[in-house]
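Secondary and tertiary structure notes
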Amino acid sequence: MIPITTVRFGAEEERRVIDVIRSGSIAQGPVVAELEDRFARMHDARHAIAVNNGTTALIAALHVLDLRPGDEVITSPFTFVATVNAILQTGATVRFADIHDTDFGLDAESVAGLISERTRVILPVHLYGQMVDMAPIASLADANDLTIVEDSAQSHGARYRGRAAGGFGLGTFSFYATKNITTAEGGMITTDSDELADRLRVLRNQGMRARYEYVTVGNNFRLTDLHAALAIPQLDRYEETVRRRRANAAALTAGLADVPGIVTPVTFPDRDHVWHQYTVRVTDESATTRDAFPAALADRGVGSGIYYPKLILDYDAYRGRADVAEDSTPVAARVAAQALSLPVHTELLPEDIDTIIAAVRDVAAGR
Ligand SMILES: *Cc1c(COP(=O)(O)O)cnc(C)c1O
């Protein structure tokens, strides 16, 4: 079976983790600092603040914006649930703008229609490794004095017109096991603001500036040196990782571009896609429905994933709440019924790509 994702560490990760174990200093320390420094430089950010996962990265980033109940955050309805859970933790209200079916990201026109005096934040999600069309969103934020928080959990190192993910405001990243860079659990926040970076560092460590000197009500959002050690070698080879993912994506698109019922991923010349996922849309022309696709592919030895099968508002837990507006997003609804991710990871062999292409062709044709 060709898996949809793999986790593979090398000798360098082992060595660095053992070094941390032997150092006797395993919690947040010099290795976390090294990871922050390198991650900031990779994203042209003044500051990177490591935290213990991508969800707490979002929670912390929104927390330092001092949102109050009734303040609104506009985000995508087609995302991992963490995006919305983090907004709700701050007491703010979630508004859903519609998305484009090309880059799966926020549609600025739809965002504009939701902006009111209650709006504080626009929270685009850079899904699958490709950034949202940020220019019109940045203009809206400028014109309306809003902050941008970019959920970049899937888009380490992605760029839009030369600017790195997270570079339009605050960026949040995840190092969960399936992400392009992983520490098992882990996260990062990037910002160019000295003031926000300082508040984030204090918030992450129980509100302490110096030992037992509490300057605010804080939390424990710390990453450990044990986890950070895993990420350093992955940063060393990240360019190569992305190059391989990109080559795999190009080969898949070359093999699938003419298949009726399959719409291959759309890329844009002004964006660097880091191919966290290779996501096609299965349309009505396919002989096999999207929902039946994963089992049919599995019969042919090909793993796949549906990210995400439903919109947030399709879950009862998020309906009928005063802090989740029931905005209508027809494009996102269609996309959620069509999205299907195929393996694109670095462990794929050329014959695996051929297997994936042949399997998708067969299943889409009902063979
Ligand atoms: C993975 C992910 C998160 C959450 O990150 P964790 O590290 O799992 O907490 C948030 N948003 C998106 C879009 C993600 O893919």
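Above this note sits the structure.
A brief report on the enclosed structure follows.

Before going further, it helps to examine helix H3 (residues 54-63). In terms of burial, H3 is a largely internal element, 8 of the 10 residues being buried. Where H3 begins, the capping side chain belongs to Asn53, and its oxygen is found 2.9 Å from the backbone nitrogen of Thr55.

Let us now look at the packing of helix H2 (residues 30-42) against helix H8 (residues 225-236). In a pair of packed helices, the angle between the axes and the distance between the axes together describe the arrangement. Interhelical geometry of H2 versus H8 gives an angle of 35° and a closest axis separation of 8 Å. Relative to H8, the crossing made by H2 is left-handed. Here Pro30, Val31, Val32, Glu34, Leu35, Arg38, Phe39 and Met42 of H2 lie close against H8, whose contacting residues are Asp225, Ala228, Ala229, Ala231, Ile232, Leu235 and Asp236.

A word on the environment of Ser139. Locating Ser139 in the fold gives a position in helix H6 (residues 134-144). Taking the relative accessible area as the measure of exposure, Ser139 reaches 45% and is therefore partly exposed. As for Ser139 and Leu348, which are separated by 209 residues in sequence, their C-alpha atoms are 40 Å apart.

Once that is clear, we can look at the site of the ligand. If you check the shell around the ligand, you find 16 residues, and the closest are Gly54, Thr55, Asp151, Ser174 and Lys179. Ser174 has a polar side-chain atom sitting 2.7 Å from an oxygen atom of the ligand. With the chains in place, 93% of the 380 Å² that the ligand exposes on its own is no longer accessible. The set of elements that each furnish at least two residues to the shell around the ligand consists of H3 and helix H4 (82-89). Classifying every residue of the shell around the ligand gives 6 nonpolar, 8 polar and 2 charged.

Under the criterion given, the structure shown has 30 salt bridges. Note that Arg199 and Asp66 form a salt bridge whose closest N and O atoms lie 3.0 Å from each other. Note that Arg199 is positioned in helix H7 (residues 194-204) and Asp66 in the loop between H3 and strand S2 (72-75), a separation of 133 residues in sequence. On the basis of relative accessible area, Asp66 is assigned to the partly exposed category, the value being 42%. Here Asp270 and Arg271 are joined by a salt bridge, their closest N and O atoms 3.3 Å apart. With relative accessibility at 25%, the residue Asp270 sits in the partly exposed group. Classification of Arg271 by relative accessible area gives buried; the value is 8%.

With that settled, the discussion passes to the packing of aromatic side chains. Inspection of every chain in the model, using the stated rule, returns 9 aromatic pairs. For the ring pair Tyr307 and Tyr308, a centre distance of 6.0 Å and an interplane angle of 70° mean the geometry is edge-to-face. Put simply, the rings of Phe78, Phe80, Phe104, Tyr128, Tyr307 and Tyr308 touch in pairs and so form one group of aromatic residues. Geometry around Phe268 places Arg271 over its ring, the cationic atom sitting 3.9 Å from the centre. A cation sits over an aromatic face here: Lys310 above Tyr315, 5.1 Å from the ring centre.

Position of Thr55 relative to the elements: it lies in helix H3. The exposure class assigned to Thr55 is partly exposed, which follows from its relative accessible area of 28%. Thr55 sits 209 residues away from Thr264 along the chain, and the two C-alpha atoms are 30 Å apart. Excluding residues within four positions of it along the chain, Thr55 makes contact with Ala82 and Ala86.

Turning our attention to the sheet that holds strand S3 (residues 93-96). Read from one edge of the open sheet, 7 strands run S1-S9-S8-S5-S4-S2-S3, paired in mixed fashion. Both outer strands of the open sheet, strand S1 (47-51) and S3, are each paired with one neighbouring strand and no more. Mean inter-strand twist for the sheet, computed between neighbouring axes without regard to direction, equals 25°. In this structure, S2 lies alongside S3, joined through 4 bridges in parallel fashion. If you follow Glu72 over to S3, its bridge partner there is Thr93.

Reading the values: the criteria
- Residues numbered from 1 in each chain as written.
- Predicted model: local features only at pLDDT ≥ 70, side-chain atom pairs only at ≥ 80, totals over all residues.
- Heavy atoms only, no water.
- Buried < 20%, exposed > 50% of the residue type's maximum accessible area, 1.4 Å probe, protein only.
- Helix = DSSP H or I, 4+ residues; strand = E, 2+ residues; numbered from the N terminus.
- Polar contact = N/O pair within 3.5 Å; in protein donor to acceptor, adjacent residues only side chain to side chain.
- Axes fitted to C-alpha atoms, helices over the stretch in contact; angles between N-to-C directions.
- Left-handed = near helix turned anticlockwise from the far one by under 90°.
- Contact = heavy atoms within 4.5 Å.
- Near = heavy atom within 4 Å.
- Areas by Shrake-Rupley, 256 points an atom, 1.4 Å probe, with all protein chains shown as cover.
- Nonpolar A, V, L, I, M, F, W, Y, C, P; charged D, E, K, R; others polar.
- Salt bridge = Lys/Arg side-chain N within 4 Å of Asp/Glu carboxyl O.
- Phe/Tyr/Trp six-rings, centres within 6.5 Å; stacked < 30°, edge-to-face > 60°.
- Lys NZ or Arg CZ within 6 Å of the ring centre and 35° of its normal.
- Pairing = 2+ DSSP bridges.

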